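Chain residues, written in single-letter form:
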Amino acid sequence: MLDPNRVGRDPERVHGYIDVLAPEGARPTGLSNAMMHVPALAAVYEKAWRPAFTRLFSLGGTGTLSLQDVLIEDLATRGDQRILDVACGPGLYTKPLSRRLTGDGIAVGLDVSDPMLRRAVRDNSGDRVAYVRGSALDLPFGDGTFDTVACLAALYLIPAPRIAVREICRVTRSGGRVALFTSLETPLTSVLGSATAERVSGFRWFGRDEITGWLRDEGMVDVKQTVSGQGQFVTARRAQAPQAGG
C-alpha cells in the first residue's frame, strides 16, 4: 500500500513496524507533541492517559467515551476493508478496528513516535494489524488507498492540522468514510485561556465549523458533527466517483 513517491526514506522494518519517516519529520513540535515521544508516557497511555484525557472533554463524565465506543463499533466493518488509523499512538483503536476484517482486510496504524509504535507492536498487534512510522502531514500512501480513515483524539496535537485533514481525505477511496474526534472551542475554553495554552503547549481548540468546513472543502459529503462537551466527533464520506460513460 505504500507509495514509493511519498515515503521519506527507504522502508525499513524496525521494532516490528515499518519506518518510512524522513529524519526531519521526527522532530517534535510543541510541548504536547513532544510528550508523545516520551517512552514513560507511551507505557501508560492506553490504560490511563488517553481515557483520563478523553474524560476531560466531558468535564469528567463518560459521554465522550460512550460516543467513542459507538463510533469504533460502527467503523469496525467486515470483509476485505482497508482501514487507516492516523496518529494511532499505541494502537488503542487500531486493533479494535481490525477485529471483524476478513480476507485481505487490514487495519494500519500510523504515527511519528517510535515509543508509541513500539508499545503498539507490543500490546496491540494482530493478524490483520500493521504499523507504519510516518507523517500525518504527508501520508505515505497513494490516493484512495483506504476504505475508512480515522484520526481519533490526535488532530489537536498535529501541527498544520488543515494539511492533515487534506491528506486524510486524499487517501480515502471514492465512497469511503472519514471519522475524526478532536477538540472544540467553547465559551469555557476561552475562560480557561485557550489561546495561551495553544501557544505554550501546541494543543489546539477548533472552531465549531472549522473541521466540518475543511472536510467540505475537500469534496466530502454527508458531513455530520456530534458535540460532546469540549470535543467533537465528525464523520463524512468521499463522494462516489461518476461511473465511466455515465
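Structural data are supplied above this passage.
Residues numbered from 1 in each chain as written. Predicted model: local features only at pLDDT ≥ 70, side-chain atom pairs only at ≥ 80, totals over all residues. Heavy atoms only, no water.

Asker: Outline the packing of helix α6 (residues 161-170) against helix α9 (residues 210-217), supporting the account with residue identities and numerical values.
Answerer: Where α6 contacts α9, the two axes come as close as 10 Å, and the packing angle between them is 45°. Relative to α9, α6 is oriented oblique. Where α6 crosses over α9, the handedness of that crossing is right-handed. Of α9, the residues touching α6 (which contributes Pro 161, Arg 162, Val 165 and Cys 169) are Trp 214, Leu 215 and Asp 217. Of the residues belonging to the contact of α6 with α9, the class tally is five nonpolar, no polar and two charged. (Axes fitted to C-alpha atoms, helices over the stretch in contact; angles between N-to-C directions. Helix = DSSP H or I, 4+ residues; strand = E, 2+ residues; numbered from the N terminus. Parallel < 35°, antiparallel > 145°, perpendicular 65-115°, else oblique. Left-handed = near helix turned anticlockwise from the far one by under 90°. Contact = heavy atoms within 4.5 Å. Nonpolar A, V, L, I, M, F, W, Y, C, P; charged D, E, K, R; others polar.)

Asker: Can you tell me about the sheet that holds strand β4 (residues 106-111), naming the residues and giving the values?
Answerer: Taken in spatial order, the nine strands of this open sheet run β1-β2-β5-β4-β3-β6-β7-β9-β8, and their pairing is mixed. Every other strand in the sheet has two partners, leaving β1 (12-14) and β8 (220-228) as the edge strands with one partner each. Geometrically, the sheet is characterised by an average inter-axis angle of 20° between neighbouring strands, direction not taken into account. Examined bridge by bridge, strand β6 (residues 146-152) and strand β7 (residues 172-183) share six bridges and lie parallel to one another. (Pairing = 2+ DSSP bridges.)

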